[in-house]
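Residues per chain, in single letters:
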Amino acid sequence: MKLRRDTIVTVLALLVVAAAVPSAVKDTIETGRVYLFSREVLEELPRRFTGPGRFRFILQPVLAIVLGVRGGLADAKEGNPPYLFGLLFDAGRRRELLRSGAAAIRTLIAMGIIMDVVFQLVIYRAVHPVVALLVGPILICTPYALSRALTTRLARGMGGE
């Protein structure tokens, strides 16, 4: 059995999150609140955009956009519908589109989750796994889907079919 890099990174992300769960449960029991739904999340949000973690708010979306452009050009070449349009309105191809999108950004999402955990440790000295599972994918999936769909439309409009 040959291990691929994307499999290793994905497993590492899952292990990092799983390792953080006991401390998150302990925090919830001790404070009586779930961090994700607390005022503390909003109070700490500005610290995410400054300091050691701010570069990833540029890097992750840029990498996702690059992958989205690549996928959008491939969609235009193959005659596929724009990505978001296909996801929303082409039920017959939805599963295929989700798989192709997930395959393209799986490692990037896993890296985003790992980076969020590391930055939480550096900035807050604590890890909140649910937040890590949300922030990384949001920074990646949204720009990926938008850039893939727009690239397909632009490539077709410029005669790139």
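So, how was this worked out
Residues numbered from 1 in each chain as written. Predicted model: local features only at pLDDT ≥ 70, side-chain atom pairs only at ≥ 80, totals over all residues. Heavy atoms only, no water. Core = buried A, V, L, I, M, F, W, Y, C linked by side-chain atoms within 4.5 Å. Buried < 20%, exposed > 50% of the residue type's maximum accessible area, 1.4 Å probe, protein only. Helix = DSSP H or I, 4+ residues; strand = E, 2+ residues; numbered from the N terminus. Contact = heavy atoms within 4.5 Å. Axes fitted to C-alpha atoms, helices over the stretch in contact; angles between N-to-C directions. Parallel < 35°, antiparallel > 145°, perpendicular 65-115°, else oblique. Left-handed = near helix turned anticlockwise from the far one by under 90°. Polar contact = N/O pair within 3.5 Å; in protein donor to acceptor, adjacent residues only side chain to side chain. Nonpolar A, V, L, I, M, F, W, Y, C, P; charged D, E, K, R; others polar. Patch = residues over 30% accessible without salt bridge, like charges linked within 9 Å, V, L, I, M, F, W, Y side chains within 5 Å. Areas by Shrake-Rupley, 256 points an atom, 1.4 Å probe, with all protein chains shown as cover. Salt bridge = Lys/Arg side-chain N within 4 Å of Asp/Glu carboxyl O. Expected span 1.5 Å × (residues − 1). Bend = angle between axes of the 7 residues up to and from the residue.

Peer 1: For the nonpolar core, give the residues involved together with the corresponding values.
Peer 2: Judged by nonpolar contacts, the single largest core of 22 residues is most densely connected at Y83, I105, I113, I140 and Y144. Broken down by element, this core gets its largest block of residues, eight residues, from helix α5 (residues 94-124). If sequence neighbours within four positions are ignored, I105 has contacts with L67, I140, C141 and Y144. By size, the runner-up hydrophobic cluster in this structure holds six residues, among which are Y35, F57, V135 and L139.

Peer 1: Can you tell me about unusual backbone geometry, naming the residues and giving the values?
Peer 2: The phi torsion of most residues other than glycine is negative, and most of the peptide bonds are trans. The phi torsion at R125 lies on the positive side, around 60 degrees, for a residue other than glycine. Take R125: it is sitting in the loop between α5 and α6 (129-157). The class for R125 is exposed, based on a relative accessible area of 68%.

Peer 1: Describe in detail the packing of α5 against α6, supporting the description with residues and values.
Peer 2: Running from amino to carboxyl end, α5 crosses α6 at an angle of 140 degrees, the nearest separation of the two axes being 8 Å. Classified by the angle their axes make, α5 and α6 are oblique. Crossing hand, α5 versus α6: right-handed. On α6, the residues that touch L97, S100, G101, A104, I105, L108, I109, G112, I113, D116, V117 and Q120 of α5 are V131, A132, L133, V135, G136, P137, I140, C141, Y144 and R148.

Peer 1: Any chance you could break down the side chain of R148 for me, citing the residues and the numbers?
Peer 2: Looking at where R148 falls in the secondary structure, it is placed in helix α6. A relative accessible area of 4% places R148 in the buried class. Polar side-chain contacts of R148 include one of 2.7 Å to the side chain of D75.

Peer 1: Residues and numbers for the environment of I105, please.
Peer 2: By the element assignment, I105 lies in helix α5. The exposure class assigned to I105 is buried, which follows from its relative accessible area of 5%. In this structure the C-alpha to C-alpha distance between I105 and P61, which are 44 residues apart in sequence, comes to 11 Å.

Peer 1: Talk me through the packing of helix α3 (residues 56-78) against α6; I want residue IDs and the actual numbers.
Peer 2: Where α3 contacts α6, the axes come no closer than 6 Å and their chain directions differ by 35 degrees. For the pair α3 and α6, the crossing hand works out as right-handed. Here the contact of α3 with α6 is built from residues that sort into 14 nonpolar, eight polar and four charged.

Peer 1: Summarise a nonpolar patch on the surface; cite the residues concerned and give the values.
Peer 2: Nonpolar side chains collect at one region of the surface, where F55, I58, V62 and V66 lie side by side and expose about 400 Å² of accessible area between them. Of the residues examined, F55 reaches a relative accessible area of 54% and is grouped as exposed.

Peer 1: Got a sec to walk through helix α1 (residues 5-31)? Specific residues and values, please.
Peer 2: With 27 residues, α1 should cover 39 Å at 1.5 Å per step; its first-to-last C-alpha distance of 39 Å lies within 8% of that length. If you look at α1, its biggest bend is around 30 degrees, right at V21, and the proline P22 turns up within four residues after that. Considered for burial, the residues of α1 that qualify are D6, V9, A13, V17, A20, A24 and D27. Where α1 is buried, its residues meet α5 and α6.

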